Amino acid sequence: MNDLPPRIVQYGADGLAPVVVQDAVSGDVLMLAYMNDEALRLTQETGRAHYWSRGRNALWRKGETSGHEQLVDEIRVNCEQNSLLLLVHQVGAVCHHGYPTCFYRRTAPDGSLTIVRDRAFDPSTVYHEAASAPQSPENQALDPLGEATRCQFDAYAYLRDHDLTSVSGTSRRLRCTDQHFGSRIADELRELAGVLDGEHRHTDPERDVLLEASQVIYWLLLESLRNRATWMALRPDRALATIDTQLPARTVCRLLRAEADHWSAGEPDALDSTAAAHATLSLVGQACASTGIDPLAAVEFDIAELQSRAYLAPYFAHRAT
């Protein structure tokens, strides 16, 4: 991704510059947004598109709640240096109306609008905007990835909430209030990137991906639980399932290492940490998918390890009832 020198973009009187967002693969113009200096800086540093919402008067990262983020491949500036072009790999959905681009209607001289693109998905499903009141997670039927991540998350919450420090290193870590896990997350992200590009090997490539992916997930869950995040706030199932099958493995490696640098830089506050953990989980899912592995397998790999621990037998027995 290009590194733009500071202030190369000339912002308007409101401190904003318009940003055209284009799909790096298809060439489709996806959306129009706005950036201020902070949004541009964060986009450059993280490789993920950040914008300024004029409606909410707030900074936001595309996909921070839905997981449908934009991985930035290149940043360009126009000839007058007052607008930007982002070439991105769109992960998941972009348009809240269900189309593959926000520009899905054509105008006519009489002012009428004609839809010229096919709808790509049901927005009420993707964005969970059902007209009825949402059910509690206990009453919702979850898919296998949802069930597995819920089981995994709750197992670690059990270790946090029960004093098993005499037999469990994880329980000790979770019950120590001054523990920080950013550096461990970074280490495992770099090892996962190493497996993908052939620089890091344990046994065979598939098992190595499962091992390293499950390790990243482990430390991310500990970070989230340390900050008292809930499964519903984190939604690891949605994050892991948000993948782009067109994203090259070499790009995934670069993003994993950039994400590692982000976690190494310092500990975000609790709210930012949950959003950051969700985003990093989506990269783990992407890493699995780029090697032909279902992210569910990485979660089940870790659950199998948890089930082998005698001190967690009461948790799994209770869950089975």
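Residues numbered from 1 in each chain as written. Predicted model: local features only at pLDDT ≥ 70, side-chain atom pairs only at ≥ 80, totals over all residues. Heavy atoms only, no water.

### Comments concerning the nonpolar core
The line we're drawing: By nonpolar core we mean a set of buried residues, namely Ala, Val, Leu, Ile, Met, Phe, Trp, Tyr and Cys, connected to one another through side-chain atoms within 4.5 Å. Each residue's exposure class comes from its accessible area (1.4 Å probe, protein chains only) as a fraction of the maximum for that residue type: buried when under 20%, exposed when over 50%, partly exposed otherwise. Helix and strand assignments come from DSSP, with helices taken as H or I runs of at least 4 residues and strands as E runs of at least 2, each series counted from the N terminus. Contacts are residue-level and defined by heavy atoms, with any inter-residue pair within 4.5 Å sufficient.
Ranked by internal contacts, the top residues of the largest apolar core, which has 59 residues, are Tyr156, Leu196, Ile217 and Leu256. Looking at this core element by element, the count peaks at eleven residues for helix H6 (residues 205-226). Excluding residues within four positions of it along the chain, tyrosine 156 makes contact with Thr170, Leu174, Tyr218, Leu221, Leu222, Leu225, Asp302 and Leu306. Counting residues in hydrophobic clusters, the runner-up holds 23 residues, among them Leu30, Met31, Met35 and Trp60.

### So, the packing of aromatic side chains
Note the cut-off: Side-chain rings of Phe, Tyr and Trp, where Trp is taken by its six-membered ring, are said to pair if the distance between their centres is within 6.5 Å; with planes under 30 degrees apart they count as stacked, over 60 as edge-to-face, and otherwise as tilted.
One pass over the structure, following the stated rule, counts seven aromatic pairs. One aromatic cluster in this structure is built from Tyr156, Phe181, Tyr218 and Trp219.

### Comments concerning the side chain of threonine 242
Rule in force here: Here a polar contact is taken to be a pair of N or O atoms separated by no more than 3.5 Å, where protein atoms must pair a possible hydrogen donor with a possible acceptor and residues adjacent in sequence count only if both atoms sit in side chains.
Following the sequence through the fold, threonine 242 ends up in the loop between helix H8 (236-241) and helix H9 (249-264). There is a polar contact of 2.5 Å between the side chain of threonine 242 and the backbone oxygen of arginine 238.

### Things to note about the packing of helix H5 (residues 182-196) against H6
Formally: A fitted line through C-alpha atoms serves as each axis, taken over the contacting stretch for helices, and the angle formed by two N-to-C directions is quoted from 0 to 180°. Here roughly perpendicular refers to angles of 65 to 115 degrees, roughly parallel to angles under 35, roughly antiparallel to angles over 145, and oblique to all remaining angles. Note: crossing handedness is left-handed where the near helix turns anticlockwise from the far helix by less than a right angle, and right-handed where it turns clockwise. When residue character is reported, Ala, Val, Leu, Ile, Met, Phe, Trp, Tyr, Cys and Pro are called nonpolar, Asp, Glu, Lys and Arg charged, and the others, Gly included, polar.
Interaxial distance between H5 and H6 falls to 9 Å at its minimum, and their mutual angle equals 160°. By the angle between their directions, the pair H5 and H6 is classed as roughly antiparallel. Read as a crossing pair, H5 and H6 show a hand that is left-handed. Where H5 approaches H6, its residues Arg184, Ile185, Glu188, Leu189, Glu191, Leu192, Val195 and Leu196 are matched on the opposing element by Pro205, Asp208, Val209, Glu212, Ala213, Gln215, Val216, Trp219, Leu220 and Glu223. When the residues that make up the contact of H5 with H6 are grouped by side-chain class, the tally is eleven nonpolar, one polar and six charged.

### Section: the sheet that holds strand S2 (residues 29-35)
Counted only if it meets this: Strands are treated as partners if at least two bridges between them are detected by DSSP.
The strand order S2-S1-S6-S5 describes an open sheet built from four strands, whose pairing is mixed. One side of each edge strand has no neighbouring strand; the edge strands of this open sheet are S2 and strand S5 (70-77). Pairwise comparison of adjacent strand axes, ignoring direction, gives a mean angle of 30° for this sheet. In this structure, S5 lies alongside strand S6 (residues 84-90), joined through seven bridges in antiparallel fashion. Pairing of isoleucine 75 across the sheet is with leucine 86, part of S6. Along the sheet face, helix H1 (residues 37-46) touches S2, S5 and S6 and points at about 120° away from the line of S5.

### Quick notes on the environment of isoleucine 243
With respect to the element layout, isoleucine 243 can be found in the loop between H8 and H9. The spatial distance from the C-alpha of isoleucine 243 to the C-alpha of valine 91 is 5.7 Å, given a sequence separation of 152 residues. Sequence-distant contacts of isoleucine 243, that is, excluding residues within four places in its chain, are made with Val91, Gly92, Gly285, Gln286 and Ala289.

### Observations regarding the pattern of salt bridges
Just so we agree on the cut-off: Note on definitions: salt bridges are taken to be side-chain nitrogens of Lys or Arg within 4 Å of carboxyl oxygens of Asp or Glu.
Applying the stated criterion across every chain yields a total of 18 salt bridges. The salt bridge partner of aspartate 28 is arginine 117, with a shortest N-O separation of 3.1 Å. Of this pair, aspartate 28 sits in the loop between strand S1 (17-23) and S2 while arginine 117 sits in the loop between strand S8 (113-115) and helix H2 (123-126); the two residues are 89 residues apart in sequence, bridging distant segments of the chain. What makes arginine 117 partly exposed here is its relative accessible area of 30%. Between arginine 235 and aspartate 237 there is a salt bridge whose closest N-O contact spans 2.7 Å. Neither arginine 235 nor aspartate 237 differs from the other in exposure class; each is buried. One network of salt bridges, with partners in common, ties together Arg48, Arg61, Glu69 and Glu259.

Note that all results are geometric; they support no functional claim without further evidence.
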